[in-house]
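Residue-level listing of the chains:
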Amino acid sequence: MQTVILSLDQSLTHTGYACIASDGTNWYWFETGIIKPKQKGIHRLQFIQFELKQIISRLQPVFLSRELHNHAIMGNANGLHELNGVIDLLAYDFRYIESNSYSRIPSGMWKKYCLGKGNISKDTSYMMKINSCIQSSLDFVKDPKCIVQNITDDNIGDAVCMALTTIAIQKKKSGKFKGTKIQEDSLKDYQKCISYGDE
């Protein structure tokens, strides 16, 4: 049975998504893309919600993850709060909450897990580091046909790194995780990623 992970690097202007799949042994690329709304306000949220519903219905991921933003340092915190709420409700409607298969991953966690440093900045070498991480990941099958070469969009790169971190979180849950000391340390609070509050 195929296992599919859909991860989202959500924003109000460019929401990157990455979908990776496993045949039970190796992970491989499935689909990546960007949602670019032209609308504003509520109409923008409705457009992103509609696009995400279509993607989830078509790809039928087993696990869904999104970035957990630090709103104190984000430019449009109110708009992102609203968008995060839309995604959280989609996760609820598609029963990811019920099956405990929805993760909200802080950027510091996935950056430390994938790039070795939680506060890494988006400088000119950022995408080189992202691509190096993806190409060297032990989770991906080493078939050139299955690996996207040279990702140039940081929204997609971030989403792929979150998908890799989602794999690690699932392995932590099942007690099968093996990684470096830095990776182990990055996941020490992984249970917070799958905590949804009390009913």
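Residues numbered from 1 in each chain as written. Predicted model: local features only at pLDDT ≥ 70, side-chain atom pairs only at ≥ 80, totals over all residues. Heavy atoms only, no water.

A. Just the packing of aromatic side chains, in detail. For the structure on display, the rule yields 2 aromatic pairs. The interplanar angle of 25° and the centroid separation of 6.3 Å between the aromatic rings of Tyr 102 and Tyr 196 together place this pair among those described as stacked. One end of the pair, Tyr 102, is in strand β5 (residues 102–106); the other, Tyr 196, is in the segment after α7 (190–193), with 94 residues separating them in the sequence. Residue Tyr 102 is classed as buried on the basis of its relative accessible area, which comes to 1%. The partly exposed category is assigned to Tyr 196, whose relative accessible area is 26%. (Phe/Tyr/Trp six-rings, centres within 6.5 Å; stacked < 30°, edge-to-face > 60°. Helix = DSSP H or I, 4+ residues; strand = E, 2+ residues; numbered from the N terminus. Buried < 20%, exposed > 50% of the residue type's maximum accessible area, 1.4 Å probe, protein only.)

B. Representation of the sheet that holds strand β4 (residues 63–68). Ordered by their spatial adjacency, 5 strands build an open sheet running β3-β2-β1-β4-β5, and the pairing between neighbours is mixed. Edge positions in the sheet fall to β3 (27–35) and β5, since each has one partner strand and no second. Going across the sheet, the axis of each strand differs from the next one's by a mean of 20°, ignoring polarity. Examined bridge by bridge, β4 and β5 share 5 bridges and lie parallel to one another. (Pairing = 2+ DSSP bridges. Axes fitted to C-alpha atoms, helices over the stretch in contact; angles between N-to-C directions.)

C. Region of interest: the pattern of salt bridges. The final tally for this structure, using the stated rule, is 8 salt bridges. The salt bridge partner of Asp 88 is Arg 104, with a shortest N-O separation of 3.6 Å. Residue Asp 88 is located in helix α2 (residues 77–93), and its partner Arg 104 is located in strand β5; the two are separated by 16 residues in the primary sequence. Among the ionic pairs, Lys 122 bridges to Asp 154, the shortest N-O distance being 2.7 Å. You can see Lys 122 sitting in the loop between α3 (107–115) and α4 (126–136) and its partner Asp 154 sitting in helix α5 (residues 154–174), a full 32 residues away along the chain. Relative accessible area serves as the criterion here: at 26%, Asp 154 is assigned to the partly exposed category. Connected through shared salt-bridge partners, Arg 66, Asp 88 and Arg 104 make up one network. (Salt bridge = Lys/Arg side-chain N within 4 Å of Asp/Glu carboxyl O.)

D. Examining unusual backbone geometry more closely. A positive phi is found at Arg 95, a non-glycine position, where the angle reads about 70°. Relative to the elements of secondary structure, Arg 95 occurs in the loop between α2 and β5. Arg 95 sits in the exposed class, given a relative accessible area of 53%. A positive phi angle is found at Asn 100, which is not glycine, with a value near 55°. With respect to the secondary-structure elements, Asn 100 resides in the loop between α2 and β5. Looking at Asn 100, the relative accessible area reads 28%, which means it is partly exposed.

E. Fine view of the packing of α3 against α5. Where α3 contacts α5, the two axes come as close as 9 Å, and the packing angle between them is 85°. The angle between α3 and α5 places the two elements in the roughly perpendicular class. Taking contact as the criterion, the partners of Met 109, Trp 110, Tyr 113 and Cys 114 in α3 are, on α5, Asp 158, Cys 161, Met 162, Leu 164, Thr 165, Ala 168 and Ile 169. (Parallel < 35°, antiparallel > 145°, perpendicular 65-115°, else oblique. Contact = heavy atoms within 4.5 Å.)

F. The packing of α3 against α4, seen in detail. Interhelical geometry of α3 versus α4 gives an angle of 65° and a closest axis separation of 9 Å. One element, α3, and the other, α4, form an angle in the roughly perpendicular class. Here Trp 110, Lys 111, Cys 114 and Leu 115 of α3 lie close against α4, whose contacting residues are Tyr 126, Lys 129, Ile 130 and Cys 133. When its residues are assigned to classes, the contact of α3 with α4 shows 6 nonpolar, no polar and 2 charged. (Nonpolar A, V, L, I, M, F, W, Y, C, P; charged D, E, K, R; others polar.)

By themselves these figures say nothing about function.
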